[in-house]
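Understanding the architecture of this molecule
The lines below spell out each chain.
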Amino acid sequence: MRFRSARRFSRGLRFRLTASYAVFFAVVLIAVAVLSKGRLESSLDDQTRLTVEQQWAAMKGYLRIQGDRQPRWFFDRNDPDESYIVEQIRRVYMLASADGAPLQWSTVYREDLGFDSPADIRRVLASGRPSWALRQDRRKQPYLIRAGLVYDEEHRRPYYVAIGRSLAPNRAIVRGYTWIFAGIIPLGIFCGSLMGWVAAGRALAPVKEVARAAQRISGSNLSLRIPSREAGDELDYLIETFNRMIERLERNFQQIRQFSTDVSHELRTPITAIRGQLEVALFNAQNTEQYREAALNALQDTERLSQIVRALLLLSRAESGQLALQRARLDVAAVVRDVVEQFGIPAEAAGVRLSTSLPSHCEVTADRVQIERMVANLLSNAVKYTPSGGEVRVSLRRMPPWIELAVEDTGCGIPPQHLPHIFERFHRVPESASQPNREKGLGLGLSFVSWIAKAHGGSVQVASVPGRGSRFSVLLPAPAALSQTAAAQPAAKR
Ligand code: ADP
């Protein structure tokens, strides 16, 4: 259990941010320490080299070798400066003849470093150039040695001279510096991690608040929103996106709730009517004629009931993607002509004049059955909602990249407040006084029209003036444009 909570902790964002801070600080501090240690060491050694170079120059002023091979140091012993300089030079030095025999030396050189070998001495003399060497004494202390030649005054014979300085003080400074860093690095990492922990905690605190607010939102209180922090940062953007998602969910929930209410209402009406008819038959009917009438009414209501159920099933299959379109190349002008022909008799009976404006041929890639259903639904509405003496006109025209199918009528029109909802399931405009006896629809026909248009990559729009008429316009992609329809689809249309 403890192991699992430790694992969850180590996977937490706060822990990971802090660990990143710690690693970052460690890498930066170690890199700075290593680089500056190297730099310090080399600049201290450069300084020592310069000092040795100066001592070499000074040495040439004080040292004289005469014919008797006896090197002598000429300086004013009463002058403290001169005494000091010569003393410094003679701390680490050796003088040898050209064959490598030591003539004069300091104790350090003989006892700790050891004389330079005759071979080395000969090599330096032969080269005629100064040589630099890094040597270690018995105690492993480093020394910087500069060797070269000087000449005796009389015969101009070369002699070997080596002077040097201990690098131990430099190494001690570098060691001290290393110790300082050894203390500073862990302290730096600790402070960095602490800062990281606090900063990550602060940055993530609003995330917890957002999570708590999100937890309060459930199916029953989808109206809640996560309050914006007004900081305009990434988190506010996340909150805004989240709130928009909740808004969409709320709308969908409301639609589903409304739909369930509508379905129960729609089913209850014919069921109540059937029940009433059966009660009449059972308790009030006196003769065969009255039985027959009650049974006939009940049958009509049953038919309406099964119509609703069939339509609902079809619509839900369509909207859930289970109704696959059987797309094929078809002449939509011929399809429209056929459907219009079928409506000839009902239109005549309603006293509505039906006219068309169709090209002789117009190809689309579509599902014939669904296109027929769409045209039939639009036409049946147009005839149903147009009073006697009115006119319904069906037209088809190319509007690249679309093909427009329009059904216009001079009927009762749709009040503007109903227009945005006209394609929703079960939405019906309440009966007006001017249309008292019209046949009661299911309120599903336009939902089908909208689904069929969208399923073909198109859209449907409506324009209507109450009392003057309506115009339904369906845009279907023309065959050549089919591949681009997704990008070109008009926005905000049903
Ligand atoms: P219904 O079966 O009720 O006709 P629809 O979904 O086809 O269902 O239509 C929804 C509502 O839209 C109708 O109840 C009607 O009020 C309105 N409507 C549809 N078409 C027309 C039209 N051409 N003229 C006037 N109103 C219409």
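Before reading further, recall that the structure is shown in the block above.
Presented here is an overview of the structure given in this document. Since we're looking at a predicted model, the values are computed, not measured. (Residues numbered from 1 in each chain as written. Predicted model: local features only at pLDDT ≥ 70, side-chain atom pairs only at ≥ 80, totals over all residues. Heavy atoms only, no water.)

Here we look at the nonpolar core
Note the threshold: Joining through side-chain atoms within 4.5 Å is the link that ties buried Ala, Val, Leu, Ile, Met, Phe, Trp, Tyr and Cys residues into a set, and such a set is a nonpolar core. Residue exposure (1.4 Å probe, protein chains only): buried if accessible area is under 20% of the type maximum, exposed if over 50%, otherwise partly exposed. A run of H or I in DSSP counts as a helix once it spans at least four residues, and a run of E counts as a strand once it spans at least two, with each numbered from the N terminus.
If you look at the biggest cluster of nonpolar residues, it comprises 39 residues, and the most contacted ones within it are V332, I371, M374, L379, L405 and V474. Elements with a minimum of two residues in this core: α9 (332-342), β10 (363-366), α11 (368-384), β11 (391-399), β12 (402-409), α12 (445-455) and β14 (469-477). Counting 16 residues, the second largest nonpolar core, distinct from the first, contains M59, L63, I65 and W73.

Describing helix α5 (residues 118-127)
For clarity, the cut-off: The arc in question is traced by the directions running from the helix axis to the C-beta atoms. Whether two residues are in contact is decided by their heavy atoms, any of which lying within 4.5 Å being enough.
When α5 is considered as a whole, its buried residues turn out to be I121, V124 and L125. Seen from one end, α5 has its buried residues packed into an arc of 95°, which puts them on one side. In α5, the exposed residues that point more than 90 degrees away from the buried face are R123 and A126. Close packing links the buried residues of α5 with β3 (93-96), β5 (131-136), β6 (142-151) and β7 (158-166). G128 sits one or two positions beyond α5 and adopts a positive phi of about 75°.

What about the site of the ligand?
Short version of the rule: We define proximity as follows: a residue is near a molecule or strand when any one of its heavy atoms falls within 4 Å of that partner. Distance and chemistry together define a polar contact, namely a pair of N or O atoms within 3.5 Å, with one atom able to donate a hydrogen and the other to accept it when in protein, and with adjacent residues in sequence counting only for side-chain atoms on both sides. With residues, only the protein chains shown are counted as cover, and all accessible areas are computed by Shrake-Rupley using a 1.4 Å probe.
Near the ligand, the surroundings consist of 20 residues, among which N381, Y385, D409, L442 and L446 are the closest. Between D409 and the ligand, the recorded distance is 2.9 Å, taken from a side-chain N or O atom to a nitrogen atom. The backbone of L446 places a nitrogen or oxygen atom 2.9 Å from an oxygen atom of the ligand. Protein contacts shield 97% of the accessible area of the ligand, which totals 530 Å² for the unbound molecule. Secondary structure elements with two or more residues in the shell around the ligand: α11, α12 and β14. No other element matches α11, which puts three residues into the shell around the ligand.

Some remarks on the pairing of β3
Put simply, the rule is: At least two DSSP bridges between two strands are needed for those strands to be called paired.
On β3, burial covers both faces: Y93 and L95 on one face and M94 and A96 on the other are all buried. Both β3 and strand β4 (residues 102-105) contribute to a ladder of three bridges, which runs antiparallel. Within β4, the position partnered with M94 by the bridge is W105. Between β3 and the antiparallel strand that follows it, β4, lie five residues; G100 among them carries a positive phi value of about 100°.

Some details on the packing of aromatic side chains
Under the convention used in this document: Pairing of aromatic rings covers Phe, Tyr and the six-membered ring of Trp, with a centre-to-centre limit of 6.5 Å; geometry is then stacked below 30 degrees between planes, edge-to-face above 60, and tilted otherwise. For a ring to carry a charge above it, either NZ of a lysine or CZ of an arginine must fall within 6 Å of the ring centroid while also lying within 35 degrees of the normal to the ring plane.
Across all of its chains, the model carries five aromatic pairs by this definition. Taking the centre distance of 6.1 Å and the plane angle of 90° together, the rings of F24 and F25 count as edge-to-face. Judged by relative accessible area, F25 falls into the partly exposed class, the value being 24%. Ring centres 5.5 Å apart and planes at 90° place the aromatic pair W73 and Y93 in the edge-to-face group. Taken together, the positions of W73 in strand β2 (residues 71-73) and Y93 in strand β3 put the pair 20 residues apart, joining distant regions of the chain. When sorted by exposure, W73 lands in the same class as Y93, which is buried. Between the NZ or CZ atom of R49 and the centre of the ring of W132, over which it lies, the distance is 4.2 Å. Above the plane of the ring of W56 lies R146, whose end atom (NZ or CZ) is 4.1 Å from the centre.

Some points on the pattern of salt bridges
Quick note on the threshold: For this document, the term salt bridge refers to a Lys or Arg side-chain nitrogen within 4 Å of an Asp or Glu carboxyl oxygen.
Inspection of the entire model under this criterion finds 19 salt bridges. Measuring nitrogen to oxygen at the nearest pair gives 2.4 Å for the salt bridge that ties R135 to D116. Of this pair, R135 sits in strand β5 while D116 sits in the loop between α4 (107-113) and α5, placing them 19 residues apart in sequence. Of the residues examined, R135 reaches a relative accessible area of 21% and is grouped as partly exposed. Its relative accessible area of 10% is what places D116 among the buried residues. Because the salt bridges share partners, they merge into one network encompassing D112, D137, R138 and R139.

Some thoughts on the pairing of strand β13 (residues 459-465)
Summarising the sheet, β13 and β14 pair through seven bridges and their orientation is antiparallel. When the bridges of β14 are listed, Q461 appears paired with S473. The antiparallel pairing of β13 with β14 creates a hairpin that spans three residues between the two strands, and G467 there sits at a positive phi of about 85°.

Overview of the packing of helix α8 (residues 288-319) against α12
Which entries qualify depends on this criterion: In this analysis an axis means a line fitted to C-alpha atoms, helices contributing only their contacting stretch, and an angle means the value between N-to-C directions, from 0 to 180 degrees. In these notes the angle categories are as follows: under 35 degrees is roughly parallel, over 145 is roughly antiparallel, 65 to 115 is roughly perpendicular, and the rest is oblique. For any helix crossing, the convention is left-handed if the near helix is rotated counterclockwise from the far helix by under a right angle, and right-handed if that rotation is clockwise.
In contact at an axis separation of 11 Å, α8 and α12 are set at 25° when each is read in the N-to-C sense. For the element pair α8 / α12, the angle class is roughly parallel. Every pair of crossing elements has a handedness; the one defined by α8 and α12 is left-handed. Residues A311, L314, L315, A318 and E319 of α8 pack against S447, F448 and W451 of α12.

What about the sheet that holds β4?
Sheet architecture is open: five strands sit in the order β4-β3-β7-β6-β5, paired in antiparallel fashion. Looking along the sheet, the strands with just one partner apiece sit at the ends: β4 and β5. With direction set aside, neighbouring strand axes in the sheet form an average angle of 25°. With six bridges connecting them, β5 and β6 associate as antiparallel partners. Of the residues in β6, the one forming a bridge with A133 is I145. Across the face of the sheet, helix α2 (residues 13-62) comes into contact with β5, β6 and β7 while running at roughly 25° to β6. Of the strands in this sheet, β3, β5, β6 and β7 are in contact with α5, which crosses β7 at around 110°.

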